[in-house]
Amino acid sequence: MFPLIESIYILILAGFVGFEVIRRVTPTLHTPLMSATNAISGISLVGSLVAAGSDQFVSQMLGLVAVTAATINVVGGFWITERMLKMFKRKERKS
Amino acid sequence: MVNYSLEITYIAASVLFIMGLKGLSHPESARRGMHYAEVGMLLAVVGTLLGNNIITWEWIVVGIVVGSAIGSAMAIFMPMTAMPQRIALSHAFGALAAVLVGINEFVVKHEEITSGLMGALGFEVLFGALTVTGSLMAFGKLQELVKSAPITYKGQNFVNITLFFITIGMFVYLIFNPHDTVVFYSMIGLSFLIGIFLVLPIGGADMPVVISLMNSYAGLAAAATGFAIDNKVLIIAGSLDGSSGFILSIIMSKAMNRSFTNVLFGAVGTPQVDTSTLHQERPITKIGVEDAKFILEQSDRVVVVPGYGMAVAQAQHTVRELSDELEKRGTKVEFAIHPVAGRMPGHMNVLLAEADVSYDQLLEMEMINPTMDTVDVAIVIGANDVVNPAARTDKGSPIYGMPIIDVDKAKTVIVMKRSMATGFAGIENPLFYESNTKMLFGDAKKVLQELVAEFNKS
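Residues numbered from 1 in each chain as written. Chains lettered and ligands numbered in written order. Predicted model: local features only at pLDDT ≥ 70, side-chain atom pairs only at ≥ 80, totals over all residues.

Asks: Any chance you could explain the confidence of the model for chain A here in plain terms?
Replies: Atomic detail in the predicted coordinates should be set aside for any region of low pLDDT. Overall, the prediction assigns chain A a mean pLDDT of 90, with 95% of residues at 70 or greater. Here helix α1 (residues 2–23) of chain A stands out as the least confident element of chain A, with mean pLDDT 89; helix α4 (residues 57–87) of chain A is the most confident, with 95. (pLDDT = per-residue confidence, 0-100. Helix = DSSP H or I, 4+ residues; strand = E, 2+ residues; numbered from the N terminus.)

Encoded structure:
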């Protein structure tokens, strides 16, 4: 059961890091934050790729749909986050 | 056998993800942060493709090509106003991937599944499946494919709680009997149902909580996937996503004055509507566009409070034009954003940024409230409950205790509204009857256009 214990350590510590980092995200950027974490959680692509690349037909098909769905999130998520962040500009204003 | 080069790319990816999210603490550093995260993702994907025993490539290529095409099309053509729907939809995609990877693991490893592995798989498919349908329901409501008002029926709580316990029971059974195919797939089926039932009774105004919660669940599903296939970068990315959604849910539920347990179990539902008090005919002060212009001209500091009504009327660009006109005349204009204004966290900020409002003009509720009494005019555009002073004063009000933007403390309040109808929660708003409140009726965009035109005349 060693890998399980290790994984629990990682889960909890990463949760704390996440908490501290996200707490500091400015509320102005909460929507980009959601689309960014969405893109990042598209990391399940990693598991999907292995399934799609196996030699069993069932795995390939499950993997194909999973790879497609995860890629939509990764590509679309990062792209639209960029699109949003580009809009947040500071303008020089008199006053 | 540990594949060291693969693990190193995963560690690098994890660090880059954290640095990426750290960048979001300020608009200046946000884009650089996202570039870090993108590099991290690329590393993880390339590392996986090279470091694993990939036998067939054709399906991988098909999936990546199709996914990239759909993803980029959505990113390019989706208008900013459709952002809440897009976010909801993407939670469904992420969770779907997690569920499918879980099912694959179950199929492939079938005979050798241990109780421990089933624990991880169970969490993965449970959270994944309910996030898929829950997010699709949220998408449907936001896109108005499904009635966005709460859908309730008699015995709803009983049905939901029973379903919930049956599913948990199945999960526990599976941990002791990890090879039971029928129970495994039934559990997934029930989780899909729970997702639907969970979001059914939730109305449009509660969407910020639902979307944050789904964000968190999608992350937890990804983290559980990491446990199931023993992949550390998945655990880290999933728990970052999970904690992000969790924090947003806390912020949203606080801003709506709901208890956190209430949110955690998704039992958001509708507040009891109290229509008894205040319904008598009381005088309100109606004004026209010229009067509004006259009031605004005299002011040194104006605060705009936008709500979902601004998004519906697509009035953000016209609001910015008004703000420009006022600033030209030396008036200081700021925007006060309530955390739950709109349909998702940060909704108003994105719309106003799209309309070219400078981000340092966008202020949080806590920043603006202490100085509200020095504000000459507060303009409320399509917001209602988030400026309702009953939340501060009326203990009988369903929204009592909810933090609000104290526009009633400004010297003058101009409320732009279609009619005297109550807000989403169906609560009467005493603000409209205050002596310093002027009501400017009409479609927000049209009224604002007329107002800008009025300024251009002189």
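Asks: Got a minute to help me understand the domain arrangement of chain B in this structure?
Replies: By a widespread convention, an interface's size corresponds to the accessible area lost as its parts come together. Residues and elements named next belong to chain B. For chain B, the assigned domains are domain 1 (1–77), domain 2 (86–264) and domain 3 (289–457). Spacing between the C-alpha centres of domain 1 and domain 2 amounts to 24 Å. The partner domain 2 presents six residues to the eight residues of domain 1 that form the contact. Here the side of domain 1 that touches domain 2 gets six residues from one element, more than from any other, and that element is helix α1 (residues 4–23). Per-class residue counts for the side of domain 1 that touches domain 2 are seven nonpolar, one polar and no charged. (Domains from an automatic or database assignment. Contact = placed C-beta atoms within 7 Å. Nonpolar A, V, L, I, M, F, W, Y, C, P; charged D, E, K, R; others polar.)

Asks: Whenever I open this one, the environment of Leu 248 of chain B confuses me. Can you help?
Replies: By the secondary structure assignment, Leu 248 of chain B is in helix α9 (residues 232–255). Expressed as a C-alpha distance, the spacing of Leu 248 of chain B and Ser 216 of chain B, which sit 32 residues apart in the sequence, is 8.7 Å. Discounting residues that sit within four places of it in the chain, Leu 248 of chain B has contacts with His 30 of chain A together with Ser 212, Asn 215 and Pro 345 of chain B.

Asks: Whenever I open this one, the environment of Ala 95 of chain B confuses me. Can you help?
Replies: Within the fold, Ala 95 of chain B resides in helix α4 (residues 83–108). Spatially, the C-alpha atom of Ala 95 of chain B lies 9.2 Å from that of Ser 135 of chain B, the residues being 40 residues apart in sequence.

Asks: Mind showing me how you'd approach the sheet that holds strand β2 (residues 332–337) of chain B here?
Replies: Adjacent strands of a sheet pair through backbone hydrogen bonds, lying either parallel or antiparallel. All names here are of chain B. Strand order in this open sheet of six strands is β3-β2-β1-β4-β5-β6, and the pairing throughout is parallel. A strand with exactly one partner marks an edge of an open sheet, and here the two such strands are β3 (362–364) and β6 (437–441). Each adjacent strand pair in this sheet contributes to an overall mean axis angle of 25 degrees, direction not counted. Across five bridges, the pairing between strand β4 (residues 377–381) and strand β5 (residues 412–417) is parallel. Bridged to Ala 378 within β5 is Val 413. Along the sheet face, helix α13 (residues 316–328) touches β1 (301–306), β2 and β4 and points at about 175 degrees away from the line of β1. (Pairing = 2+ DSSP bridges. Axes fitted to C-alpha atoms, helices over the stretch in contact; angles between N-to-C directions.)

Asks: Where do I start with the interface of chain B and chain A in this structure?
Replies: Between chain B and chain A, the residue contacts involve 98 residues of the former and 80 residues of the latter. Going through the elements one at a time, α1, α2 (27–51), α3 (58–77), α4, α8 (207–228), α9, α14 (347–354) and β3 of chain B are the ones with two or more residues in the side of chain B that touches chain A. Here the side of chain B that touches chain A gets 16 residues from one element, more than from any other, and that element is α4 of chain B. Here the side of chain B that touches chain A is composed, by residue class, of 55 nonpolar, 31 polar and twelve charged.

Asks: Would you mind going over the environment of Lys 232 of chain B with me for this structure?
Replies: Here Lys 232 of chain B lies in helix α9. Classification of Lys 232 of chain B as buried rests on a count of 20 C-beta atoms within 10 Å. The spacing of Lys 232 of chain B and Leu 448 of chain B is 216 residues in sequence and 53 Å in space, taken between C-alpha atoms. Not counting chain neighbours up to four residues away, the residues in contact with Lys 232 of chain B comprise Ile 10 of chain A together with Tyr 10 and Gly 226 of chain B. (Buried ≥ 20, exposed ≤ 12 C-beta atoms within 10 Å, placed from the backbone.)

Asks: How do you make sense of the nonpolar core when you look at a structure like this?
Replies: Within soluble globular proteins, side chains that are nonpolar tend to cluster in buried spots. Counting 183 residues, the largest nonpolar core has Val 305, Val 380 and Ile 381 of chain B as the members making the most contacts within it. Each residue touching Ile 381 of chain B, except ones within four places of it in the same chain, is listed here: Val 304, Val 305, Pro 306, Gly 307, Gly 309, Met 310, Ala 315, Val 319, Met 416 and Ala 444 of chain B. (Core = buried A, V, L, I, M, F, W, Y, C linked by C-beta atoms within 7 Å.)

Asks: Just to check I follow, could you spell out α9 of chain B for this structure?
Replies: Side chains three or four residues apart in an α-helix point the same way, a direct result of the helix having 3.6 residues per turn. All names here are of chain B. Its 24 residues give α9 an end-to-end C-alpha distance of 34 Å, which sits within 8% of 34 Å, the value for a rise of 1.5 Å per residue. Across the 24 residues that make up α9, a large majority, 21, are buried. Backbone geometry just after α9 places Asn 257 at a positive phi near 60 degrees. (Expected span 1.5 Å × (residues − 1).)

Asks: Looking at this model, I keep getting lost on helix α3 (residues 45–52) of chain A. Mind explaining?
Replies: The buried fraction of α3 of chain A amounts to eight of the eight residues, a majority that puts the element mostly inside the structure. What α3 of chain A keeps buried is the set Leu 45, Val 46, Gly 47, Ser 48, Leu 49, Val 50, Ala 51 and Ala 52 of chain A. The inward-facing, buried residues of α3 of chain A abut α4 of chain A together with α2, α3, α4, α8 and α9 of chain B.

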